[in-house]
Amino acid sequence: MTCRALLVLALGLAACGHPTRSVHVEVADLVLDADRFAVVADGAKVDHLRVQPVTFEPGVLGGARELPAWLLPHTASLEFTVPQDLAGELELHGGFAFDFVECKRRRADYRDILEAKVERIGEDGPELLWTATLVAEGKTPHGYGWREITGPGGGPLIVHAGDRLRIHSWNLQAHKNLPKFGVAGLSLHVRREVAVETATPERPNVVLVVMDTLSAVHTSTFGNPDATTPHLDMLAARGTAFDAARATSSWTWPSTASILTGLDPAEHGVTKAGTSWLAADIKTLAERLQAADLATAAFTGNRLVSADFHFDQGFDTFRGPDRNEFIDGAELMPPALAWLDDHADERFFLYLHLVDPHRPFAPLPESKIALPGEKPADLPKLMLAQHTGELYPESCAIPDRFERPLLTSMLSARDLAWMDRSYDQAIHTGDIWLGRLVAKLRALGLDDSTVIVFTADHGEESYEHGDIGHGQSLFPELMHVPLVMAGPGVPVGLRVADTVSNAALYGYLGELGERGVATAPSAPNLQAGEPMFYSTSRGQWDGARGQTLLGIESDGWALHLCVEAGAQRLFDLKNDPEQHRDVAAENPDMVARLRAQLLEHQSAAEAGRQTPAALGAGEGAIETLKDIGYL
Ligand SMILES: [Zn+2]
């Protein structure tokens, strides 16, 4: 659940003398729970409440640009009862506004005035709790006036279980074709006092580092002959390394949501722009650890992993991009390290999402010195990705041949080597930030009382299968991710050869936070060796883009299935681990077995989906994807 407003409050001393702190927790997201509400418009009940993302004015509701909102007809009123199962003082959060997209279509001289109210309906009639006047003017977003619901004096509006509330709006002008009116972010929050615990080897801190876009084979820990990741190597030497870890998806949104929820992408539903909202009903790792009274903080450099898409659930402190850009380690690390300084005496969960290996690469000078390389002067100036359209259909026209050499007509071996080298330099820079983190934990004396876990959300392709970037396929350069952990309870010097999904970290780290080392598995059991499942909604298949690809890896075989094409490819991992030769035609029985297993898994995952149906892509979500190069 989100803590969109301020979070950890000052440390205090309770009457018993133990230090406590006040935590602010969302306990109910009301917008996506439409069954609770009755809507009345012009005296008639409206049956279908429409929920869709509405773009917010920046800086309102904690800087969110877009949230699922009810779009109500004017003069509508919305009635609901505060759930009986919630005790104590509850803060009602939420906001009202005109719909931004709708307003942009208006004339420049457009002006409208709206009033909004929240009332408590009692036996003696309605009691006014909050009211605001909204003015919509012209086409600029500043005219749409999101207004946050507040209590007397601007503080939170307090309600109680069983209160019957009415949210009411009306238009003060007699305009026809009024813009839609949104009610968004409506949620109930509580503040609770929790005891401050100091981490011990038995009940350690939890640090989870996800390095965006990091192929395992490009790390020196997992096979790169060049020393790209010396700090990760050291972490592996004092802990456990998983040689065959897999992500659940080949791009950020679904994969990161899986790491933070333990769910398959089909279950958590964060798979494309239109379903990008991480639903409040899902209990995230941060929520579990927050409920276990750990101080929780996230520092993320990827715009997709942001509060705007509800990834801040369970974090007392959440810092992420508020613009459609990546924040590299140089900007992200100082506040993260400062947060550690401030919380060294409290048991904590720190989530760090570093983006240095994501294009565009900006390695530190140290990395260029450590891994020297010169950009070929005659490297084609066009973005190489622009050639993908020509190359990909060509490579796929030969069904058993997805090979990098197809590019050699355009790129020399020197060009290709530079592509690898520039990526490795960026990885080396990411590893420097990991080193700073480890050094800080050591300097604070937290080595023996902190479990640190390192993984990636997905890898990166440099034309191994005719393409560049990520999200486009389920090949190993994208699905094979690093996974290393070290700290109390983690075996030292162990290498795990079996396949594991990094989404299993949710279970391990959740238990570690809740129950400590003694009762969490001593050798982290991440369901090693089970069939691996992964997927992407941004796949390419025979030259077609935006395809849904599903993958399974089991018993030395990998099957990739394109949902739209109804076709699949099979790879023999023992003889062809890098997956260049489709052997489906020679192995129809294996294809049938894996296909059935894959489809059964997928339908079970979809049936277990914990989020409402797609909200539809909001303008802000689409803009985000465009700005960071995904659309
Ligand atoms: Zn990513």
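Here the structure is a predicted model, which is why all the values come from computation and not from measurement. (Residues numbered from 1 in each chain as written. Predicted model: local features only at pLDDT ≥ 70, side-chain atom pairs only at ≥ 80, totals over all residues.)

A.B. asks: Could you give me a rundown of the overall build of the protein, with the residues and numbers involved?
C.D. replies: When helices and strands are tallied, the protein shows 13 helices and 29 strands. Out of the 631 residues belonging to the protein, those deemed buried represent 49%. Excluding contacts between residues fewer than 6 apart, the proportion of contacts in the protein whose partners are at least 24 apart in sequence is 73%. (Helix = DSSP H or I, 4+ residues; strand = E, 2+ residues; numbered from the N terminus. Buried ≥ 20, exposed ≤ 12 C-beta atoms within 10 Å, placed from the backbone. Contact = placed C-beta atoms within 7 Å.)

A.B. asks: Residues and numbers for the sheet that holds strand β26 (residues 532–541), please.
C.D. replies: Pairing in this open sheet of 4 strands is antiparallel, and the strands run β26-β27-β28-β29 from one edge to the other. Either end of the sheet is taken by a strand with one partner, and the two such strands are β26 and β29 (567–572). For this sheet the average axis-to-axis angle between neighbouring strands, irrespective of direction, equals 20°. Across 7 bridges, the pairing between β26 and strand β27 (residues 544–554) is antiparallel. When the bridges of β27 are listed, Ser535 appears paired with Leu550. Sheet strands in contact with helix α12 (residues 588–607) are β26, β27, β28 (557–562) and β29, and its direction is about 65° off that of β28. (Pairing = 2+ DSSP bridges. Axes fitted to C-alpha atoms, helices over the stretch in contact; angles between N-to-C directions.)

A.B. asks: How would you explain the packing of helix α2 (residues 230–237) against helix α9 (residues 413–443) if you had to name every residue and give the values?
C.D. replies: Between α2 and α9, the least distance of the axes is 7 Å, while the angle of their chain directions is 50°. If you check the angle between α2 and α9, you find them oblique. Facing α2, whose interface residues are Pro230, His231, Leu232 and Leu235, α9 presents Asp431, Leu434, Gly435 and Val438. In the contact of α2 with α9, the residues fall into 5 nonpolar, 2 polar and 1 charged. (Parallel < 35°, antiparallel > 145°, perpendicular 65-115°, else oblique. Nonpolar A, V, L, I, M, F, W, Y, C, P; charged D, E, K, R; others polar.)

A.B. asks: An account of α2 is requested, with residue identities and associated values reported.
C.D. replies: What α2 keeps buried is the set His231, Leu232, Leu235 and Ala236. End-on view of α2: buried residues confined to an arc of 145°, all on one side of the axis. Looking at the buried side of α2, the elements it contacts are β16 (239–246), α9, β20 (450–456) and β24 (483–486). (Arc of directions from axis to C-beta.)

A.B. asks: So what's going on with the confidence of the model for the protein? Which residues, and what values?
C.D. replies: Should pLDDT be low for a region, the predicted coordinates there are not to be read in detail. Here the protein shows a mean pLDDT of 81. Residues at 70 or above account for 74%. Segment residues 57–64: pLDDT under 50, and 24 contacts once partners within four positions in sequence are set aside and those in other chains are kept. Taken together, the stretch residues 385–401 has pLDDT below 50 and engages in 26 contacts with residues farther than four places along the chain or on a different chain. (pLDDT = per-residue confidence, 0-100.)

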